[in-house]
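Fold and contact review
In case you want the letters, here they are:
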2 protein chains.
Amino acid sequence: MAEKIIYLDREFRPEFIDEMNQLAPDYTVKTELESADIPHVEISLGWNRKYEKDLLASDHLKWVHSISAGVDALPLTTFSEKGILLSNGSGIHSQSIAEHIMGVILGYSRGLFQAQKAQLNKKWLGTAVHYQALEKQKLLIVGTGKIGKLVAQKADNFGISCYGINTTGHPVDGFIQTYPLKELKQIISQMDIVVNILPLTEQTKGLYNERLFEHFATHTLFINVGRGDSVKTIDLIQALDEGKLAFAALDVFEEEPLPKESPLWEMDNVLLTSHIAGLTPDFQNKLMAIFLKI
Amino acid sequence: MAEKIIYLDREFRPEFIDEMNQLAPDYTVKTELESADIPHVEISLGWNRKYEKDLLASDHLKWVHSISAGVDALPLTTFSEKGILLSNGSGIHSQSIAEHIMGVILGYSRGLFQAQKAQLNKKWLGTAVHYQALEKQKLLIVGTGKIGKLVAQKADNFGISCYGINTTGHPVDGFIQTYPLKELKQIISQMDIVVNILPLTEQTKGLYNERLFEHFATHTLFINVGRGDSVKTIDLIQALDEGKLAFAALDVFEEEPLPKESPLWEMDNVLLTSHIAGLTPDFQNKLMAIFLKI
C-alpha cells in the first residue's frame, strides 16, 4: 500500500499529533514536505503557497481543510475542477472566537492586561487602573454571521448593547440594529467597542484605514479577529499614536508572523495574539471525525 | 457653619473627586487627615486603622462606607453603640466582580495573558499557546451569595457547569449542585476552576492551605476575589511551585499592598491584581446618590 500523507501547515502540540495518528493510523503526518512526498499527500490541513503548484499537479490530493474560517486566499476554481474537497473551520471555531473576543473585552474593561504589565514591574497599581463597566456599552460587530451572532449573544448577557454591520444591512436576530457596510463610517463614532469578523473581499480589503479611523470615538476598543488585510496596519499604528482610538487587540495581520520590526509589538495600547482566536483543543478530533466519515 | 469632611481611604481619580465635590458641595474631601480634621469628619469611605481611635472618639462621624464588600475588620460593636451608619458596597460591586472573574477565566482559557507576556518579548507564539474550551468545564464557586449567583449566570452562558459551596449546602438557583463548606475537600479535585468569594469568618480564615491544595486537580485555575486571609499565601506559593494547581489569579492578599519581596510577583503561573475586582466607574455616583437621600 502506498504511503498516504496528511500535511499540516502549522506546528501542533505533540499530544495532538499522537491523537491524529491514533485516529488515522494508516496516514503519515508531516509538517514539512520533500518533493518525493507531494504525490502522497491526500489531506492538507491549512494551505501553503510554496507547495501549491506541486500539490495541484498531483492527482492524490483529496481534501483541503482551511484552518481559518476564511478561504478567500485559496485556488478555489482549481479545487472545484479537480474535485478536491474544501472545508473550513467556521463551525468548529465560532465558539472559541467568541470566547476570545469576550476575553479581550472583559480583560480590557477590568484592567487585567494593564495589571499584568504592572505585575511584571512589581508595581502595585492600587486603583490607578483603567476600568469601565460593560453595561450599556455599545458594541459594533462588523460581520453578523455565525460568529457575530454568538458574540452578540455572549455580550448581551453582560448588558452590552449590540449593533451589527453586514453587506446589505438586513436585520439579524440578537442585534438591536444592523447597518449596511456603506454606512459604517456614519455610525462608528457612536460605538465603544468595534469588532471586525469580516471575511476578506474587495469591499473589506483595507477597510480600516486612515479615513475610517478619523471617525472612531477616541475611547474605542478595536478588535480584529477577521482578516489581517482588512486593516491598513500603518494607518492603525498612526491612529493609535494620535489617540484616534484607545486600544487595539489584534489576532490577524497583513503579514504573519508579525515582523519583528513592527512598532505594534511595543505599543502600550495594543494587545497582540498570534492568530489564535479560532484555536480549539479538540480541533483535530472534530476534524478527523469529519474525515473518517467521508 | 463648621467644616464638614468626607475622608477617602483611597486615592481616587481626579474626575471622581470633582464629581464628589459637585454632588456634595458643602463637604471638603480629604485623603489625609490632620488631628484638627478629625472632629469634622462626618463620612469615611473606607476605614483606616491609624485614625480609628480618634474617629471613634469624635461625635461627628455619621457614616462609614466600607469600600470592599466585607466589613469583618471594622469595629462593628462601637459603630452600633454610637449609631454610626455602616454600609458596604456588595450591591454596587457584584457586577464588576463577576466581570473580573469572567475576564480572568476567559483570558486564561484563551491564552491572552500568555500572549501578552510573549508580546513584551516580541515573540510570535503561533499555536504554542495554552488554550482550552470553556464548554463542560466545572466551576466551583465558593460562596453562593449575590456575587456567586451572578458569576454562575455568566459562566453558564459559556457552557460552563457551575457548582457551589455555602455554609450548609442549601440549594441555590443557577447551581447544578451545592455542597456544605465541610465537604469542600472531597469535591475540589473534580473541579477545573475554583473561585473564592467567601467573606472572612473563623471557618474561612486560612481555608486554602497546604492540606486543601493537596486535593486540587493539577490543571486547576484558582481565583481569589474574596478575602486575602482566606488563603495561606506561603502554602499557595509552594503548591503552585509543586504543580498542585496550574494557575492562580489573586486580587486580595494577606498583606496589601503585596510586599515587594513576595515571590508571587515573579511567578509565571500567577496573575496579580491590586484589589480592583470590585471597582466600578460610577461608584461615587451611586454612593453619593445613597448619601444624599439619607
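Residues numbered from 1 in each chain as written. Chains lettered and ligands numbered in written order. Predicted model: local features only at pLDDT ≥ 70, side-chain atom pairs only at ≥ 80, totals over all residues. Heavy atoms only, no water.

Let us look at the interface of chain B and chain A. It is common to give the size of an interface as the accessible area lost on bringing the parts into contact. With 56 residues of chain B at the interface, the matching set in chain A holds 56 residues. At the boundary of chain B with chain A, total buried surface from both sides reaches about 5400 Å², with 60% on carbon and sulfur atoms. The tally of links between chain B and chain A comes to two salt bridges. Among the salt bridges present, the one from K122 of chain B reaches E266 of chain A, with a minimum N-O distance of 3.4 Å. At the boundary of chain B with chain A, the tally comes to 24 residue pairs in polar contact (both at pLDDT 80 or more). Listed by contribution, the elements that provide at least two residues to the side of chain B that touches chain A are α4 (90-109), α5 (112-120), α6 (146-156) and β12 (270-272) of chain B. When residues of the side of chain B that touches chain A are assigned to their parent elements, the largest contribution, eight residues, is made by α4 of chain B. For the side of chain B that touches chain A, the class distribution of residues is 28 nonpolar, 16 polar and 12 charged. (Contact = heavy atoms within 4.5 Å. Buried area = accessible area lost by both parts, 1.4 Å probe. Salt bridge = Lys/Arg side-chain N within 4 Å of Asp/Glu carboxyl O. Polar contact = N/O pair within 3.5 Å; in protein donor to acceptor, adjacent residues only side chain to side chain. Helix = DSSP H or I, 4+ residues; strand = E, 2+ residues; numbered from the N terminus. Nonpolar A, V, L, I, M, F, W, Y, C, P; charged D, E, K, R; others polar.)

What follows concerns the nonpolar core. Core analysis: the biggest nonpolar cluster contains 64 residues, and I105, L139 and I223 of chain A together with I105, L139 and I223 of chain B have the highest contact counts within it. Those residues in contact with I223 of chain A, other than ones at most four positions away along the chain, are I101, V104, I105, I193, V194, V195, N196 and A249 of chain A. (Core = buried A, V, L, I, M, F, W, Y, C linked by side-chain atoms within 4.5 Å. Buried < 20%, exposed > 50% of the residue type's maximum accessible area, 1.4 Å probe, protein only.)

With an RMSD of 0.1 Å, the fit of chain B onto chain A corresponds to turning through 180° and sliding 0.0 Å along the axis. With respect to symmetry, the two chain copies, as superposed, fit the operation of a two-fold axis. Among all C-alpha atoms of chain B, that of G103 of chain B lies closest to the rotation axis, at 2.8 Å. A symmetric contact is evident, with 100% of the interface residues of chain B recurring at the interface of chain A. (Least-squares fit on C-alpha atoms with pLDDT ≥ 70 in both.)

A few words now on the packing of aromatic side chains. Residues and elements named next belong to chain B. Here the structure, examined in full by the defined rule, presents 17 aromatic pairs over all chains. With a centroid separation of 5.2 Å and an interplanar angle of 85°, the aromatic rings of Y7 and Y51 are classed as edge-to-face. Here Y7, found in strand β1 (residues 5-8), pairs with Y51, found in helix α2 (residues 49-57); they are 44 residues apart in sequence, far enough to count as distant. As far as burial versus exposure is concerned, Y7 and Y51 are alike and both buried. Relative to F79, the ring of W47 has its centre 5.1 Å away and its plane inclined at 90°; by these criteria the two rings are edge-to-face. Taken as a pair, W47 in the loop between β3 (41-45) and α2 and F79 in helix α3 (residues 76-82) lie far apart in primary sequence, 32 residues in all. We note that W47, like F79, is buried. Above the face of the W265 ring, K260 is positioned so that its terminal group lies 5.9 Å from the ring centre. (Phe/Tyr/Trp six-rings, centres within 6.5 Å; stacked < 30°, edge-to-face > 60°. Lys NZ or Arg CZ within 6 Å of the ring centre and 35° of its normal.)

UniProt's feature table lists "domain: D-isomer specific 2-hydroxyacid dehydrogenase NAD-binding" (unreviewed entry) at residues 103-277 of chain A, given in the numbering used throughout. This span, residues 103-277 of chain A, is 25% helix and 17% strand, and a straight line between its end C-alpha atoms measures 10 Å. (UniProt positions renumbered as here; feature names shortened; annotations may be inferred.)

Time to look at helix α2 (residues 49-57) of chain A. In an α-helix there are 3.6 residues to a turn, and that puts residues three or four apart on one side. All names here are of chain A. Buried within α2 we find Y51, E52, L55 and L56. Along the axis of α2, the buried residues cluster in a sector spanning 130°; they form a single face. Across from the buried face of α2, at angles greater than 90 degrees, the exposed residues are K50, K53 and A57. Close packing links the buried residues of α2 with β1 (5-8), β3 (41-45) and α3 (76-82). Structurally, the start of α2 carries an N-cap: the backbone nitrogen of K50 is 3.0 Å from a side-chain oxygen of N48. (Arc of directions from axis to C-beta.)

This next bit is on unusual backbone geometry. Keep in mind that most residues, glycine aside, have a negative phi and that most peptide bonds are trans. Each neighbour pair has its own omega, and for E256 of chain A with P257 of chain A the value is -10°, a cis peptide bond. Structurally, P257 of chain A is set in the loop between β11 (247-250) and β12 (270-272). Although it is not a glycine, K136 of chain B adopts a positive phi angle of roughly 75°. Mapped onto the fold, K136 of chain B is located in the loop between α5 and β6 (138-142).

Here we take up the sheet that holds strand β8 (residues 177-180) of chain B. All names here are of chain B. Spatial strand order, β8-β7-β6-β9-β10-β11-β12: seven strands in an open sheet with parallel pairing. Both edges of this open sheet fall to β8 and β12, since each of them pairs with a single strand only. For this sheet, the mean angle separating the axes of adjacent strands, direction not counted, is 15°. Pairing analysis gives four bridges linking strand β7 (residues 161-166) to β8, with the strands arranged parallel. Bridge pairing in β8 links N166 to P180. Packed on one face of the sheet, helix α9 (residues 233-241) meets β10 (221-224), β11 (247-250) and β12 and runs near 150° to β11. (Pairing = 2+ DSSP bridges. Axes fitted to C-alpha atoms, helices over the stretch in contact; angles between N-to-C directions.)

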